[in-house]
Amino acid sequence: MTPDGLLGLGLLGIVAPAVPGIAVKTKSLLTGRRGPPVLQLYADLAKLVRKGRVYSRTTTLIFRAGPVVALASLIVAALFLPLDGREAPARFAGDMVAFAGLLALGRFALVLAAMDTGSSFEGLGASREATIASFAEPTLFLCFMALVLAAGDLSLSGILGGPLAAAWPHAGASLSLVGVSLFVLLLAENSRVPVDDPATHLELTMIHEVIVLDHGGPDLALILYGSALKLSLFGVLVVSVLVPRAGFSGPAALALLFAGLGAIAVAVGVVESVMARVRLVRVPQLLVGAAALALVATILQLG
Amino acid sequence: MRLLALCAIPLVTALVVLGAPVFRGRRVPVALLLVVAGAHLTLVASLWVAGPRPALDGWLAADPLGLTVLTLTSVLFFVTVIYAVGYLRHEEPRSARVFAGGLLAFLAAASVVALAHHLAMLWVGMEATTLSIAPLVFVRRDRRSLEATWKYLVVSSVGIALALLGTFFLASAQGDLGRPLLLPDLIAHARELHPAWLRAAFLFLLVGFGTKMGLAPMHTWKPDTYGEAPSLVSGLMAGSLTGCAFLGVARVTEVVAAAGLGSFAQPVLIAFGLLSLGVAATFVIGQRDVKRLLAYSSVEHMGLLVLGLGLGGVGAYGSMLHLVNNGLAKGWMFLVAGNIALATGAANSGNRGLIRTLPASATLLVLGLFAVTGSPPFGLFLSEFTILRAAFDGGHTWIAATILAALAVIFVGMAALVLGIVLGEPPAPIGRDLGAVPVRESGWLVAGPVALAAIVLMLGFYIPGPLRDVLTRAAMALGGTGP
Amino acid sequence: MRDAAQVVLLLVVLSDLAILGTSRLSSCIRGLAAQGFLLGLLPVLIAPQLSVHAVSLAVGTVIVKAVALPWFLAWAIREAAVRREVEPIVGFIASQLLGALAVALAFAIASRLPLTAMQQPLLVPVSLATLIIGFIVLTTRRKALVQVVGYLILENGIYLFGLTQTESVPFLIELGVLLDVFVGVFIMGIVVFHINREFDSLDSTRLTELSD
């Protein structure tokens, strides 16, 4: 728990809502619109926090706990990421499993909350989300496996930090593949195009949006903030793999990280404006493709 | 010089026929085909008289193995063209240029395969034979021949691709030395070749060229293709193309034998041979189409060829003799089947009483039945007996027993169909057949099969000295012994 | 030059997996063209020194594999008016997983083969992987045109392997191989054209009239 680490975490927490904002802004500009301001999400969060709560009579404690658990698990997961490129606030051997597990916990909480409402739309979204998760999780683990083989360290601080930087010269090819695979995973887990269109109004085509359909007020604020944080966490993953920052000093590494996050957000925006959402049956295919890339990266390490 | 001419003359003629506008829309230039076939045969005959020097830096050379296949090809091609004179009077292919060009290109490609001593050149020739035959299978352009051509192309192309990989493996076996893939070179330095690569090369080349031969389990294209192609094309394929493919297998066996890996190669060859025999025996029963029946018979004989090679000793000589006998006999049978198809529309079990309507063809068919199933006094009996002898010599009595059992089953299966269509009462002509001019068995249509039959019969009693000499030398190159 | 060759070989594997996972025929052909271009770059990248042999092989490969054959296949698609492959015999997801397994298998086999030190270490595994993936496409797809694409991927794998033997397999032979492939695919294209005319579809599972 170094001051640097906590500082980095705090900064990430503050900056997180800007990341989806950058993505949306990029997409708007590329499609010829002016789009909402980059800091729009902050304003939305402020507005939502001041609203009152309304709960449906069919819901139980699970529904109320969902957003809280989701955000809490994301914050704890963030503790394991080495934001300064060297050391995370918390680390132990095998903490990547804990990281994946915490993300899964968050998703699980939201899915349960969705099913708790008893609405068919939410149930539909919940099952879709679970399907995508069942393909995304193995891919994430395959990426981690490739990183472990490359860096030779079993904790996230190691596979995203110093040992990774040392591995780049000779494992560059497989690390690039892992980077691409993680980017596809980012798109999938955060419900961006081509997996899910965040801007759609049609409930039948939604995956993530429809899960949170019944939440309102502060709960929705928690969920929106949580999504932004999750996007940022995945962005940190991708940036750490592609741009090893172990050689830089603390502030410089953080600055590089946030610059990288911005670049990832722009990339997401570009992808959103260039591609269309793929049919739902093709989403597993896409994820398996990412898994195949990660598998190839792993094999390259073994060979 | 002569070797180059043997390959170049048919190739140039093929290109001229395919390209020159004077041939567009005309009938098939049979005279031209005859001239080229005759020239080719004469050149080959001259090779027997005086062996030529290798050409193209040793890439082309006529050694006993190659000479056997080349002669077989040349004789079969000549006979086929003579048959074509009569055949084309009754059935003219839609694209005469493609027909003639394909035949000539096949002759050129087969000559290249027979004479090539650079193994990659052998591969190129082999692929060329596949490609030149494909349009010929497709001549009738109906659904069935289309399906057959597609299956043939896909399976053969994959097989040839694997053979190419095997050739590259052979090159890898040379390690750092990087010499060209010349056969005499490879044989001389065989012991220095890396055994792992050599084994892999042998397997891939066997599977690859075995696909072209029609060895089981890569034989699936054979019944469809032989069944749908015009009979004279099927005859060429069954006699000559299989010989060329067998040559590919034999070449790699030469290298493997010289490298001392015979104990690895022989069981593999025997396994493929027995499998082919088994498959042939199974599918011959209940077969209703004569050409498909002959295709399975071809699978059987390919199995025997490979068995002889695998058994070693006098089996190698038996294989070489069988190559010649089988090639000629298959050509004979397919041409006769072609006569039947011309006369009655299809050579299958719908026919009856052919002995009355087509006496010459029917007789030749029955005689051919006996020849192809290895009955005395035809030449195939002698060659099959030699292979059996090799089995007994090597102490593989159960292999010999399996061969005999398979041969018996095949005889029964084939006889059932052949005798069924030859004997009995011919069906009364119905409908449009009443006024149609019956297909006379003209001299052109019968001369070819008769000639081939005569040769096969002669080979059952007497093998001319030069032939025996060449076959023995070929057998010894394959690691075996003479008779 | 070694690193550049390594990157190119990796891109070849990626193109294999991409072709394996797509259902649009035009994407298959574009992937094939990209692969052909990458293959054309390789002789120049792995030759110890630039020679006429290497450059002409590279140019020939690019012309045949990246330009002529894809253009011809695109013509065939237009003629047959097919857009998509229907669900193949082995589903797309399973195909991708098989493809990744094929890469694993190829690396495993390659590590057991005795290779000389002077060769590019990734060349043999990538060639074997491409070979196996070509086989997978050839055997599990229904549309005849996609089977031709699979055959071409198979040939690409073999071509890659041939690049390890630059001395024993001379220039003329490589050219002969290229020519053979070209003519072969040309003939296949004609047959596909006729299949489309006769059967009104390119579904090769309809070709079942001949059997015993």
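The rules behind each value
- Residues numbered from 1 in each chain as written.
- Chains lettered and ligands numbered in written order.
- Predicted model: local features only at pLDDT ≥ 70, side-chain atom pairs only at ≥ 80, totals over all residues.
- Heavy atoms only, no water.
- Contact = heavy atoms within 4.5 Å.
- Buried area = accessible area lost by both parts, 1.4 Å probe.
- Salt bridge = Lys/Arg side-chain N within 4 Å of Asp/Glu carboxyl O.
- Helix = DSSP H or I, 4+ residues; strand = E, 2+ residues; numbered from the N terminus.
- Nonpolar A, V, L, I, M, F, W, Y, C, P; charged D, E, K, R; others polar.
- Phe/Tyr/Trp six-rings, centres within 6.5 Å; stacked < 30°, edge-to-face > 60°.
- Buried < 20%, exposed > 50% of the residue type's maximum accessible area, 1.4 Å probe, protein only.
- Lys NZ or Arg CZ within 6 Å of the ring centre and 35° of its normal.
- Polar contact = N/O pair within 3.5 Å; in protein donor to acceptor, adjacent residues only side chain to side chain.
- Axes fitted to C-alpha atoms, helices over the stretch in contact; angles between N-to-C directions.
- Parallel < 35°, antiparallel > 145°, perpendicular 65-115°, else oblique.
- Left-handed = near helix turned anticlockwise from the far one by under 90°.
- Expected span 1.5 Å × (residues − 1).

### Description of the interface of chain A and chain C
A common way to express how large an interface is: the accessible area buried when the components associate.
Reasoning step 1: The partner chain C presents 17 residues to the 15 residues of chain A that form the contact.
Reasoning step 2: Summed over both sides, the interface between chain A and chain C buries roughly 1,300 Å², with carbon and sulfur atoms accounting for 83% of that surface.
Reasoning step 3: Counting across the chain A and chain C interface gives zero salt bridges.
Reasoning step 4: Those elements giving two or more residues to the side of chain A that touches chain C turn out to be helix H8 (162–189) and helix H12 (283–302) of chain A.
Reasoning step 5: Per element, the largest residue contribution to the side of chain A that touches chain C is ten residues, and it comes from H12 of chain A.
Reasoning step 6: Here the side of chain A that touches chain C is composed, by residue class, of eleven nonpolar, three polar and one charged.

### Section: the arrangement of the chains
Reasoning step 1: By contact count, the leading pair among the two pairs of chains in contact is chains B and C.
Reasoning step 2: The two units chain A and chain B are non-contacting; their minimal C-alpha-C-alpha distance is 20 Å.

### Quick look at the packing of aromatic side chains
Reasoning step 1: Applying the stated criterion to the full structure yields 17 aromatic pairs over all chains.
Reasoning step 2: Taken together, a centroid distance of 6.0 Å and an interplanar angle of 90° make the contact between tyrosine 55 of chain A and phenylalanine 63 of chain A edge-to-face.
Reasoning step 3: On the accessibility criterion, tyrosine 55 of chain A (24% relative accessible area) is partly exposed.
Reasoning step 4: Relative accessible area serves as the criterion here: at 2%, phenylalanine 63 of chain A is assigned to the buried category.
Reasoning step 5: Every member of this aromatic cluster is reached through a ring pair, and the members are Tyr152, Trp221, Tyr226 and Phe334 of chain B.
Reasoning step 6: The ring of tyrosine 159 of chain C has lysine 65 of chain C sitting right over it, with the charged end atom 5.1 Å from the ring centre.

### As for the side chain of histidine 117 of chain B
Reasoning step 1: Within the secondary structure layout, histidine 117 of chain B lies in the loop between helix H4 (96–115) and helix H5 (119–137).
Reasoning step 2: Those residues in contact with histidine 117 of chain B that sit more than four places away from it in its chain are Gly58, Trp59, Leu60, Ala61, Asp63, Leu181, Leu182, Leu183, Pro184 and Arg251 of chain B.

### Quick look at the interface of chain B and chain C
Reasoning step 1: On the side of chain C, 44 residues touch chain B, which itself brings 49 residues to the contact.
Reasoning step 2: The junction of chain B with chain C conceals about 4,100 Å² of combined surface from both sides, 73% of it contributed by carbon and sulfur atoms.
Reasoning step 3: For the pair chain B and chain C, the interface holds zero salt bridges.
Reasoning step 4: Scanning the region where chain B abuts chain C turns up one residue pair in polar contact (both at pLDDT 80 or more).

### Focus: the pattern of salt bridges
A side chain of one charge can pair with a side chain of the opposite charge when the charged atoms of the two come close.
Reasoning step 1: Under the definition given, this model contains 14 salt bridges over all chains.
Reasoning step 2: A salt bridge links arginine 107 of chain A to glutamate 137 of chain A; the shortest N-O distance between them is 2.7 Å. Highlighted residues: arginine 107 of chain A in helix H5 (residues 95–116) and glutamate 137 of chain A in helix H6 (residues 120–151), separated in sequence by 30 residues.
Reasoning step 3: Glutamate 147 of chain B serves as the salt-bridge partner of lysine 151 of chain B, at 3.0 Å between the closest nitrogen and oxygen.

### Examining the packing of helix H12 (residues 290–311) of chain B against helix H16 (residues 379–393) of chain B
All names here are of chain B.
Reasoning step 1: At a closest axis distance of 9 Å, the pairing of H12 and H16 adopts a crossing angle of 40°. One element, H12, and the other, H16, form an angle in the oblique class. Between H12 and H16 the crossing geometry is left-handed. Facing Glu300, His301, Leu304, Gly308 and Leu311 of H12, the residues of H16 in contact are Leu380, Glu384, Ile387, Ala390 and Ala391.

### Brief notes about H6 of chain A
Residues and elements named next belong to chain A.
Reasoning step 1: Here H6 spans 46 Å end to end across 32 residues, near enough to the 46 Å set by a 1.5 Å rise per residue.
Reasoning step 2: Capping the start of H6, serine 119 holds a side-chain oxygen 3.3 Å from the backbone nitrogen of phenylalanine 121, two or three residues further along.
Reasoning step 3: One or two steps after H6, the chain reaches glycine 152, where phi turns positive at roughly 75°.

### Some details on unusual backbone geometry
Reasoning step 1: Looking along the chain, the bond that leaves valine 193 of chain A and enters proline 194 of chain A is cis, with omega of 5°.
Reasoning step 2: In this structure, proline 194 of chain A sits in the loop between H8 and helix H9 (208–211).
Reasoning step 3: Looking along the chain, the bond that leaves proline 376 of chain B and enters proline 377 of chain B is cis, with omega of 5°.
Reasoning step 4: Positive phi is not limited to glycine here, since serine 191 of chain A has a value of about 55°.
Reasoning step 5: Secondary-structure assignment places serine 191 of chain A in the loop between H8 and H9.

### Quick look at the packing of H6 of chain A against H12 of chain A
Residue and element names in this part refer to chain A.
Reasoning step 1: One can describe the packing of H6 onto H12 by two numbers: an axis separation of 9 Å at closest approach and a directional angle of 15°. Between H6 and H12, the crossing angle belongs to the class labelled roughly parallel. For the pair H6 and H12, the sense of crossing is left-handed. Here H6 contributes Ile132, Phe135, Ala136, Thr139, Leu142, Cys143, Met145, Ala146, Leu149 and Ala150 to the contact with H12, which in turn contributes Val283, Pro284, Leu287, Val288, Ala290, Ala291, Ala294, Leu295, Ala297, Thr298, Gln301 and Leu302.
Reasoning step 2: For the contact of H6 with H12, the per-class residue count stands at 19 nonpolar, three polar and no charged.

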